[in-house]
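As a plain string of letters, each chain reads:
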Amino acid sequence: MAARGCPLEAVPLPAEVRESLAELELELSEGDITQKGYEKKRAKLLARYVPLTQGVDPPLQAEPRTPGPSQSVVAAPRQQRLRPANSRDERFRSDVHTEAVQAALAKYRERKVPLPSKRRSVLVPSSTEACTPPDTSSASEDEGSLRRPGQLPSTALQSRASAESWPERAIQGSSSSSSASSTSSHAGGTPAAHAHLDLRSAPPDVTTGLIQHRLCERPQPGSMRGAPRSSGSLLDTAGGVPVNSRVSSKIRQLLDTLKRPKRPPLREFFLDDAEEVLGVQQPDPNRPKPEGSQMAVLRGEPLAAGTPWPPSLLAALQHWGTTQPRAPCLTALDTAGKAIHTLTYGKLWSRSLKLAYTLLNKLTSKNEPLLKPGDRVALVFPNSDPVMFMVAFYGCLLAEMVPVPIEVPLTRKDAGSQQVGFLLGSCGVTLALTTDACQKGLPKAQSGEVAAFKGWPPLAWLVIDGKHLTKPPRDWHPASQEAGAGTAYIEYKTSKEGSTVGVTVSHASLLAQCRALTQACGYSEAETLTNVLDFKRDAGLWHGVLTSVLNRMHVVSIPYALMKVNPLSWIQKVCSYKARAALVKSRDMHWSLLAQRGQRDVSLSSLRMLIVADGANPWSISSCDAFLNVFQSRGLRPEVICPCASSPEALTVAIRRPPALGGPPPRKAVLSMHGLSYGVIRVDTEEKLSVLTVQDVGQVMPGASVCVVKVDGAPYLCKTDEVGEVCVSSSATGTAYYGLPGVTKNVFETVPVTAGGVPVSDRPFTRTGLLGFVGPGDLIFIVGKLDGLMVVGVRRHSADDVVATALAVEPMKFVYRGRIAVFSVTVLHDDRIVLVAEQRPDASEEDSFQWMSRVLQAIDSIHQVGVYCLALVPANTLPKAPLGGVHISEAKQRFLEGTLHPCNVLMCPHTCVTNLPKPRQKQPDVGPASMIVGNLVAGKRIAQASGRELAHLEDSDQARKFLFLPDVLQWRAHTTPDHPLFLLLNAKGTVTSTATCVQLHKKAERVAAALTDKARLSVGDHVALVYPPGVDLIAAFYGCLYCGCVPVTVRPPHPQNLATTLPTVKMIVEVSKSACVLTTQAIMRLLKSKDAAAAVDVRTWPTILDTAHLPAARPLSECAPQVSPVPVVCHLSP
């Protein structure tokens, strides 16, 4: 408000002008008038008293011509100097991405952007002096509107200095919960300086306005110097006219409303909320769009027809177990790297037979078999015991049972343990197979048995060590071993939301998967495979347990505990066993690079395939390239590295094949991350900062068809330069989610269509959850997974990409490299990125804060997206996955529940929440939602629901016989006498009594005869039925209908509270005018007991009949009433 500080001569003003100026000031302070209108009216009032400069507009004339003396006090903003970049972390897997991140951070340094400054914690108390602004009411902004600019009294200088120093002290003592940019705006200098340079960069501050307006204040005229000044309750305007209060009436009205909330008027409920009030982000018109043609379905090579395949996997096991009993099947190692057990095919066959016989014949419950074919059985084995797991798996298959492999529960609060228990309960699992050593390590209850885990169903535990199994008789043989549509096994999968589902794989799909892997990988008999993966699921199960038996291979299993001690153990076993194939992850290759120094006696020349199971992770290419550069001099050939892509639903999707097996040369693609965020493929150069280099995962599996469909909406085929979800149609995929038919149809029965809506195939496709495209040479490229997809606004970001960017910012000194979790939470109907990492104990708070700030800058530069929250937690506090890593869904759940307990938090809501609610616009018309809400509040009935009309009864004698319930019961007693109508269960769920049609009819006849003969009742009399819920109550009800009486159901009195419950029963009997009471013998004694006499007058009870001992029933025709054409009362309900 520059006009109020204009240099005007001290001219005496009339009282009415001063009063008008005061009213004008009040209107402006309350918001009833705009700034422009205020200036015009003020200039009009002062026009006759103040001479105007010729040709100068009054608002322009009101601007100060000379700066005030206090302008030199405002300090220039101070720039914070960034920390110098430390040496590059040599252990990071992607050198290209690290260089890109460092270049992005260098750009920030060139822009001189101050880093976020650390603020005090919320828990640190601040003094009143630092949090309360000084009293500036003695020199009001409206008080000296007629002063000279060069005359500033000492009180104004002191007030200005105190008002200028207060925000700086308050900022130093405020809490630290804002984001990077909000803290950087106040990093150096005073807030007043920032507001003077750029008013949009700082939030509104009342002290800032006071400082600027006092730059041209003048002392009061001499006639007003002696006037008393208020300390804050009165406002001195231009003429010295006091105003009631400094707080406007609107603010006081708002405060009074908050103090006394009242119900809004009815008309305010008629608001149409159907219109979205949140700001909708409009798509960028310059965003990249797919320009290619529509892709075609990619078909793999057919399965070899001339190969003599066995009819099933169990037939292959029986063949090798009887013809090659001494051939090695599996070798298990201990934590020292020594072979502790070698399982031969003969031992595998004989032990599996023992287990199958024991499961079918030796497990009983109440003289009945505990299990039957088709039941599900849990397999609980540690990752260090592949031998017993293999025996248990094939034993269940031979017994025609469905194995469900799960992880060993170490504690009652394992991450994801409750969801696994829910899966076991939904599968109906009642038995768990394990080993003696594993069972001893499980948590125990006080009774010594295995403790009941949270969410798990009751389980019986069976130890399958040799001494606990029974040898089958010679004449016992397992069932036929044909590969059919029955379920072979169930593999658990944890979804993005944390729920655990079971993927069912049939026997036919199991055999087809083994055949496809044999053809794609070129497996042959007696080959040696080194397996580093988990043998209970995914590729470790498919290659190391299933396909190896089909081809009589020898598998050397490397336990995870050994890899943690000696990361080179798998390379040493490849060299010692002359293994032809190895199954690893990029993590294992990275660990080997860290430990390979000084190891010169290893050779990888025997390998023909090094299968990288997590080739679907785009960042695995860095480990593959680095591993090849180091071990190429030790016999490793470039064509040996074969990444593959797989998913629990579609099993193996694609795998790279060596040239000897007809595979094309490998390819790489350098893609723009900006284009990928819009789902578009744009080839870029590695010199750019935001690029993603991916490698192909090979060709489609034999006998399969692959297409790429859009992620959202209907499954339309993508264009050739568009990223979508990969779908597979093959006989070697999963069949369903167990017990979830709705989700199964969406995932396992997808029908891709063209742009015109025409299905591309008559066979359904299975969604894999992999995001990718088909590149040159019909090679599959994977750029991410749906589980790690975060949709922020209209752009997609991968959690793996964000993790890689955070790891490139020198993480080793501050956080643990493998303990970082990235996920998204929903805020205002949109995903927001959250990054959580474990902080090292020796990292200081200042250094960690600097690292967090640099991570925010790197993510903003590389991905052009803001981070909602970046939190550092103490070491070993993030939930762990069974085989290392972070349990993402459990970490997300703890974040939402507030149980992560971080030690450092950096919240950045304003950098990513861009769809804040917009101001509500006045609706021109009343919408349908408004009508519904308004009428509901008004108490009006605005709608009604009606069911379908009943079919009209046929006008025939046969139809007229069944107009009433007694007629229907009689008819059912003659036509279906043994059909059970009612079952009575006790508290334990056991059936205590039943009532068939004929039994209920006979009981009802006896009740009707008793009412007619003993009670001498007639048609229309009321009968009180005092029964607990059960069959007797139903029989008495129908007995009353048989004889034409009106039953009145009454809850029986409580034996231990007769004084309260018995008067209620007596009142219902009297009010209903019941002529008789039907009940049980126990309740009849209770009604006539001494305790009852103390509560009611027992002499006034009507006739009480005990229905437990009734005479024989007479023919119903003798006691049945005549049907009245006028509707009569059926029963009374109190």
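Now for a description of the structure that goes with this document. Residue numbers restart at each chain and count upward from 1, following the sequence in its written direction. It should be noted that, the model being predicted, local features are given only for residues of pLDDT at least 70 and side-chain atom pairs only at 80 or more, the latter also being counted only at that level, while totals for whole chains, interfaces and linings use all residues. No hydrogens and no water enter the side-chain calculation; it runs on all heavy atoms of the structure.

### Structural notes on the sheet that holds strand β8 (residues 376–380)
- Any two strands are treated as partners once DSSP identifies two or more bridges connecting them. Strands here mean DSSP runs of E at least two residues long; helices mean DSSP runs of H or I at least four residues long; both are numbered from the N terminus. What the 4 strands build is an open sheet, ordered β9-β8-β10-β11; its pairing is parallel. Edge positions in the open sheet fall to β9 (402–406) and β11 (460–463), since each of these has one partner strand only. Averaged over all pairs of adjacent strands, the angle between strand axes in this sheet comes to 30°, irrespective of strand direction.
- Sheet topology note: the strand β10 (residues 431–434)/β11 ladder contains 4 bridges and is parallel. Looking at β11, one finds that Leu431 is bridged to Ala460.
- Here, residues are in contact when the closest pair of their heavy atoms is within 4.5 Å. Every axis corresponds to a line fitted to the C-alpha atoms, with the helix fit spanning only the stretch in contact, and the corresponding angles, defined between N-to-C directions, vary from 0 to 180 degrees. Against the sheet, helix α13 (residues 386–398) engages β8, β9 and β10, with an angle of about 175° to β8.

### Considerations on the nonpolar core
- To form a nonpolar core, buried Ala, Val, Leu, Ile, Met, Phe, Trp, Tyr and Cys residues must be joined to one another through side-chain atoms within 4.5 Å. Here the term buried applies to any residue with accessible area under 20% of the maximum for its type, exposed to any over 50%, and partly exposed to those in between, with areas from a 1.4 Å probe on protein chains only. Leu359, Tyr394, Leu433, Tyr489 and Leu546 are the most contacted members of the largest nonpolar core, which totals 93 residues.
- Of all the elements, α13 adds the most residues to this core, at 11 residues.
- Counting residues in hydrophobic clusters, the runner-up holds 51 residues, among them Ala100, Ala669, Ala799 and Leu870.

### Description of the sheet that holds strand β13 (residues 500–506)
- Taken in spatial order, the 3 strands of this open sheet run β12-β13-β25, and their pairing is antiparallel. In this open sheet, the two edge strands, each paired with only one partner strand, are β12 (487–494) and β25 (736–737).
- One ladder, built from 2 bridges, connects β13 with β25; its direction is antiparallel. When the bridges of β25 are listed, Val503 appears paired with Tyr737.
- Along the sheet face, helix α16 (residues 507–521) touches β12 and β13 and points at about 75° away from the line of β13.

### Comments concerning the pairing of strand β36 (residues 1022–1026)
- Burial within β36 is extensive, with 4 of its 5 residues counted as buried.
- Examined bridge by bridge, β36 and strand β37 (residues 1046–1050) share 5 bridges and lie parallel to one another. Looking at the pairing, Leu1025 lines up with Thr1049 of β37.
- Look down the strands so they point away from you; if the path from the first strand over the helix to the second goes clockwise, the crossover is right-handed. Handedness of the β36-helix α32 (residues 1031–1043)-β37 crossover: right-handed.
- For β36 and strand β38 (residues 1074–1079), the ladder comprises 5 bridges, and the chain directions are parallel. Paired with Val1023 across the strands is Cys1076, a residue of β38.

### Points about a negative patch on the surface
- Exposure above 30% relative accessible area and the lack of any salt bridge qualify a residue for a patch; like charges then connect within 9 Å, and the nonpolar side chains Val, Leu, Ile, Met, Phe, Trp and Tyr within 5 Å. In this description, accessible areas are obtained by the Shrake-Rupley approach with a 1.4 Å probe, and a residue is regarded as covered only by the protein chains that are shown. Salt bridges are defined by distance alone: a side-chain nitrogen of Lys or Arg within 4 Å of a carboxyl oxygen of Asp or Glu. Only four residue types enter the tally: Lys and Arg on the positive side, Asp and Glu on the negative side, with His and both chain ends excluded. To locate a charge, take NZ of a lysine, CZ of an arginine, CG of an aspartate or CD of a glutamate. Among the surface-exposed residues, Glu16, Glu19, Glu23 and Glu27 lie close enough to one another that they form a single negatively charged patch.
- Position of Glu23 among the secondary structure elements: in helix α1 (residues 15–30).
- When its relative accessible area of 45% is taken as the criterion, Glu23 is described as partly exposed.

### So, the packing of helix α11 (residues 313–323) against helix α12 (residues 345–361)
- For the pair α11 and α12, the least separation of the axes is 7 Å and the interaxial angle reads 120°. Compared by their axis directions, α11 and α12 come out oblique. Once α11 is placed against α12, the crossing between them reads as left-handed. Residues Leu314, Leu317, Gln318, Trp320, Gly321 and Thr322 of α11 pack against Tyr345, Gly346, Leu348 and Trp349 of α12.
- Looking at the contact of α11 with α12 residue by residue, the class counts come to 6 nonpolar, 4 polar and no charged. Angles are sorted into four bins: roughly parallel if under 35 degrees, roughly antiparallel if over 145, roughly perpendicular if 65 to 115, and oblique for all others. For any helix crossing, the convention is left-handed if the near helix is rotated counterclockwise from the far helix by under a right angle, and right-handed if that rotation is clockwise. Each residue gets one of three labels, nonpolar for Ala, Val, Leu, Ile, Met, Phe, Trp, Tyr, Cys and Pro, charged for Asp, Glu, Lys and Arg, and polar for the others, Gly among them.

### Let's talk about the packing of α11 against α13
- Two elements in contact, α11 and α13, have axes whose closest approach is 11 Å; the angle formed by their N-to-C orientations is 115°. The hand of the α11/α13 crossing is left-handed. On α13, the residues touching Leu313, Leu314 and Leu317 of α11 are Tyr394, Leu397 and Leu398.
- Here the contact of α11 with α13 is built from residues that sort into 6 nonpolar, no polar and no charged.

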